[in-house]
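One letter stands for each residue in the lines below.
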Amino acid sequence: MKSIRSAVGLLYWAALACVLGACQKSESVIKIGLAGVQTGSDGQIGTTMFYGSQIALDEWNAKGGLLGKKIAFVSRDDEGKPNQAVAVAQELVSEGVVAVIGHFNSGCTIPASEIYQQSGILQITPGSTNPQVTERGIRTLFRIVGRDDQQGVVAATYARNTLKASKIAVLHNKTAYGQGLGEEVRKTFEKLGGEVVLFSGISGEEMDFRATLSAVRSSGAQAVFWGGMYGQAGPLLVQLRDSGLNLPFLSGDGTIVQEFLNTAGAKATGVYLTFGPDFEKIPAAQGFLEKYRARFGPEGPYSIYGYEAANVLFKAIEEAGTTESAKVADVLRSRTFDTSLGPVAFDEKGDLRTANYIIWTVRNGKFVTEAP
Amino acid sequence: MEFLVNGLARGAIYALVALGYTMVYGILGMINFAHGEIFMIGMFACVFAIGVLSAAWGPVLGVNLVLGAVLAIVLASAYGYANERIAYRRLRRAHILAPLTSAIGLSIVLQNFIMLGVSKDKIDFPRFDSGPLTDNLVRLGPEASVSLLQIVILVSSVGLMGGLFFLIHRTRIGLAMRATAQDRRMAALVGVPVNRAIAFTFVLGSSLAAAAGVMVSMYQGVLRFDSGYSMGLKAFTAAVLGGIGNIPGAVLGGFIIGMSEDVTSYSIGNDWKDGTTFIILMLVLTLRPRGLLGERVADKV
């Protein structure tokens, strides 16, 4: 008994020594948090975003790192859940990260950002589009992607003016992102003289939409907008077509994922999605895409945003000459960065000065650009 | 009209899963919280079996689907039986909280097993096999139509429930189950094979859940490792609503919940669906604490 106890004691001290040793060693690296959804229904989109950032990290470390130190990522999975995002944020703070790239879901970014703000940690999100992310006056929070009030305007205008729909049904997944985007579509669609005949929330785990689709049918809608993610968009579209409703199906950036096409298959007709430019056609992005595909396979929609979020952050830290968040934030606000997304400049709120949403569609089982 | 059929189809599924909860409660007085996971295992087993069969002798329409469904039922029953042997049988004399905790643990294990061993993303049901059922619409009027699959769901659920009633009331093993439910010790004293009756209850409940799983995975087109959670919750609610332990009660509860969900989301809005369900549950439990058809006092969790 005694020998067991002393063995346990020895192990304890050995473990403690290891932890302390690791702490001392970590002084020579700059720790950056990488937070976002890795598992669950949005897992694929979040994982491919992480891979993008990973490529930027390896490029910088190959060049010799940042401020004379190597950069290291501390990555955490928030499972796309707001409460888990808060736990992840607290873990990252205690890990001693100087900045965070993430999160992906707006519903996660918003609560997590308050913890980063209290701890004076800079945050840059590659994927959260809800307006509230930057509307709360957090000076050290940036996003390298457009806003839903820009995205929703593009979608609603397309439905009203190009597709000539006068009645639309808006369905959303009750999250900050999905419902927020739905609200923006409603606002713009009504402003353009259209009528929103149905505005309904469907929670994240539901996969049987037939009751709502009956309501869509009897509402006389001429188009359906889905504010939500690809996991539900696939079955929703399939059940829409199964029940004989051949209405145009509009959605946002959360749907433009290969998984959506895998589920929808040949039923992906009349699909219109808002998203950024086609990076296949942008020469500056080719280097990244080649590198990504060689290492991780097909890229996700947010891979390049993950990549450039990391690049812009590293450039700003280098120019500031410090990892102090207030100074890095000043650099981010004052400069224009040259990236494969085009020139990136942030406004007072931390949003992009120019967002570039365009309409995509599906042809022959592939996402292609439709119209500006 | 259309939403009534939607509601009936949804209710039939809830009823099938609720039967598993209510039968286990009836015989053991415990709630098998891993039952939703058996439903999910049924979904995955069917897709897996169809994949294997298509690889073995090519995609044969209809045959693969039926064989896949049968294999799913067999595999899920095996899981249900194993659950009873591993997680519950040894705890039969323990305090009631012990098998309850065991059930919750089992549900976590099964979910994580599928998440880590199969996929953390959703899986699509092979459209080739389900297409003829989902794509063919039966017109009911100018504005309403029902898919062949919905008719299949209704007919086969009612058939399965009829079979269950026959089994329980007209066969020897059904008699053994009823005797065990009434008084386990007394039944053992007069020679009823109690262990076999209890194991059979689990097998029966699991095969109904697997049948429901096969139909739901075709109906929604996709399946995921956490698909069993919300189904389990709803079916459990249905069992409580009808009076847990009471078999016709579970069927009634399933149909009430299915109908109320679809009627609410059609006429008021999808956001009110769960609210209405639980308001109905609260009202029923306030007026009839033992559920609509419940007889026994629910003194166990």
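Residue numbers run consecutively from 1 along every chain, following the written order of its sequence. By the order in which they are written, chains take letters starting at A while ligands take numbers starting at 1. Local features in this predicted model are restricted to residues whose pLDDT is 70 or higher, and side-chain atom pairs enter the listing and the counts only when it is 80 or higher, whereas totals over whole chains, interfaces and linings include all residues.

Concerning the overall build of chain B
Strands are runs of DSSP state E lasting at least two residues, helices are runs of H or I lasting at least four, and both sets are numbered from the N terminus onward. Across its full length, chain B carries 12 helices and 4 strands. For the radius of gyration, the atoms used are the C-alpha atoms, and the globule rule reads 2.2 Å times the number of residues raised to 0.38. A compact globule built from 301 residues should have a C-alpha radius of gyration of about 19 Å, and chain B, at 19 Å, falls within 12% of that. Long-range pairs, those at least 24 residues apart, make up 74% of the contacts in chain B with a sequence separation of at least 6. Contact criterion: two residues are in contact if their C-beta atoms, reconstructed from the backbone, are within 7 Å.

Some details on the overall build of chain A
Broken down by element type, chain A carries 13 helices and 14 strands. Taken over C-alpha atoms, the radius of gyration comes to 22 Å for chain A, in line with the 21 Å a tight globule of 372 residues would show. Considering only residue pairs separated by 6 or more positions, chain A has 71% of its internal contacts joining residues 24 or more positions apart.

Topic: the domain arrangement of chain A
Residues and elements named next belong to chain A. An automatic or database domain assignment supplies the residue ranges for each domain. Under the domain assignment used here, chain A contains domain 1 (10-145 + 302-340) and domain 2 (149-278 + 357-371). Its C-alpha centre places domain 1 at a distance of 31 Å from the equivalent point of domain 2. Each partner contributes to the interface: domain 1 provides 12 residues, whereas domain 2 provides 12 residues. Secondary-structure elements contributing two or more residues to the side of domain 1 that touches domain 2 are helix H2 (43-62) and helix H4 (106-118). Among the elements that take part in the side of domain 1 that touches domain 2, H4 stands out by supplying 3 residues, more than any other.

Details of the packing of H4 of chain A against helix H7 (residues 176-191) of chain A
Two numbers describe a pair of packed helices, the interaxial angle and the distance between the axes. Residue and element names in this part refer to chain A. Packing of H4 against H7 leaves a shortest axis separation of 7 Å and a crossing angle of 110°. What the angle tells us is that H4 and H7 run roughly perpendicular. Together, Ser106, Gly107 and Ile110 of H4 and Ala176, Tyr177 and Gly180 of H7 make up the contact between the two elements. Class assignment for the residues of the contact of H4 with H7 results in 3 nonpolar, 3 polar and no charged. Axis geometry follows a simple rule: fit a line to the C-alpha atoms, using only the stretch in contact for helices, then measure angles between N-to-C directions, giving values from 0 to 180 degrees. Here the word oblique covers every angle except those under 35 degrees (roughly parallel), over 145 (roughly antiparallel) and from 65 to 115 (roughly perpendicular). Under the scheme applied here, ten amino acids are nonpolar (Ala, Val, Leu, Ile, Met, Phe, Trp, Tyr, Cys and Pro), four are charged (Asp, Glu, Lys and Arg), and all others, including Gly, are polar.

Some points on the confidence of the model for chain A
For chain A, the average pLDDT comes to 90, and 92% of its residues sit at 70 or higher. Throughout residues 20-26 of chain A the model reports pLDDT below 50, and contacts reaching past four residues in sequence, or to other chains, amount to 1 contact. Confidence of the predictor at the level of single residues is given by pLDDT, which spans 0 to 100.

Quick notes on the pairing of strand S1 (residues 29-36) of chain A
All names here are of chain A. To assign burial, the other C-beta atoms lying within 10 Å of each residue's own C-beta are counted, with C-beta atoms placed from the backbone; 20 or more indicates buried, 12 or fewer indicates exposed, and intermediate counts indicate partly exposed. Summarising burial for S1: 6 of the 8 residues are buried, a large majority. Of the strand pairs in this sheet, S1 and strand S2 (residues 70-77) are connected by 8 bridges, and their pairing is parallel. Bridged to Ile32 within S2 is Phe73. In this region the chain leaves S1, passes through H2 and returns to the parallel neighbour S2; the handedness of that crossover is right-handed. When DSSP finds two or more bridges between a pair of strands, those strands are recorded as paired. Pairing of S1 with strand S3 (residues 99-101), which is carried by 3 bridges, proceeds in the parallel orientation. Counterpart to Ile32 in the pairing with S3 is Ala99. Note on handedness: a clockwise path from strand one over the helix to strand two, with the strands aimed away from the viewer, defines a right-handed crossover.

Comments concerning the packing of H2 of chain A against helix H12 (residues 303-320) of chain A
Residue and element names in this part refer to chain A. At a minimum axis distance of 6 Å, the contact between H2 and H12 shows a crossing angle of 40°. Our pair here, H2 against H12, has a crossing hand that is right-handed. Residues Thr48, Met49, Phe50, Tyr51, Gly52, Ser53, Ile55, Ala56, Leu57 and Trp60 of H2 pack against Ser303, Ile304, Tyr305, Gly306, Tyr307, Ala309, Ala310, Asn311 and Phe314 of H12. Note on convention: near helix rotated counterclockwise from far helix by under a right angle means a left-handed crossing. Clockwise means right-handed.

Remarks on the nonpolar core
Note on definitions: a nonpolar core is a set of buried residues drawn from Ala, Val, Leu, Ile, Met, Phe, Trp, Tyr and Cys, linked by C-beta atoms within 7 Å. Ile144, Ala159, Ile168, Val224, Phe225 and Leu313 of chain A are the most contacted members of the largest nonpolar core, which totals 107 residues. For this core, the element with the most residues is H12 of chain A, which contributes 10 residues. Shared between two domains, this core holds at least three residues of each, these being domain 1 (10-145 + 302-340) and domain 2 (149-278 + 357-371) of chain A. In this view, Ala159 of chain A contacts Ala165, Ile168, Phe189, Ala223, Phe225 and Leu250 of chain A; residues no more than four positions away in its chain are not counted. Counting 92 residues, the second largest nonpolar core, distinct from the first, contains Met30, Leu208, Ala209 and Ala210 of chain B.

Topic: the environment of Thr125 of chain A
Residue and element names in this part refer to chain A. In this fold, Thr125 is placed in strand S4 (residues 122-125). Note: C-alpha distance between Thr125 and Gly220 (95 residues apart in sequence) is 39 Å. Those residues in contact with Thr125 that sit more than four places away from it in its chain are Gly102, His103, Thr109, Val133 and Arg143.

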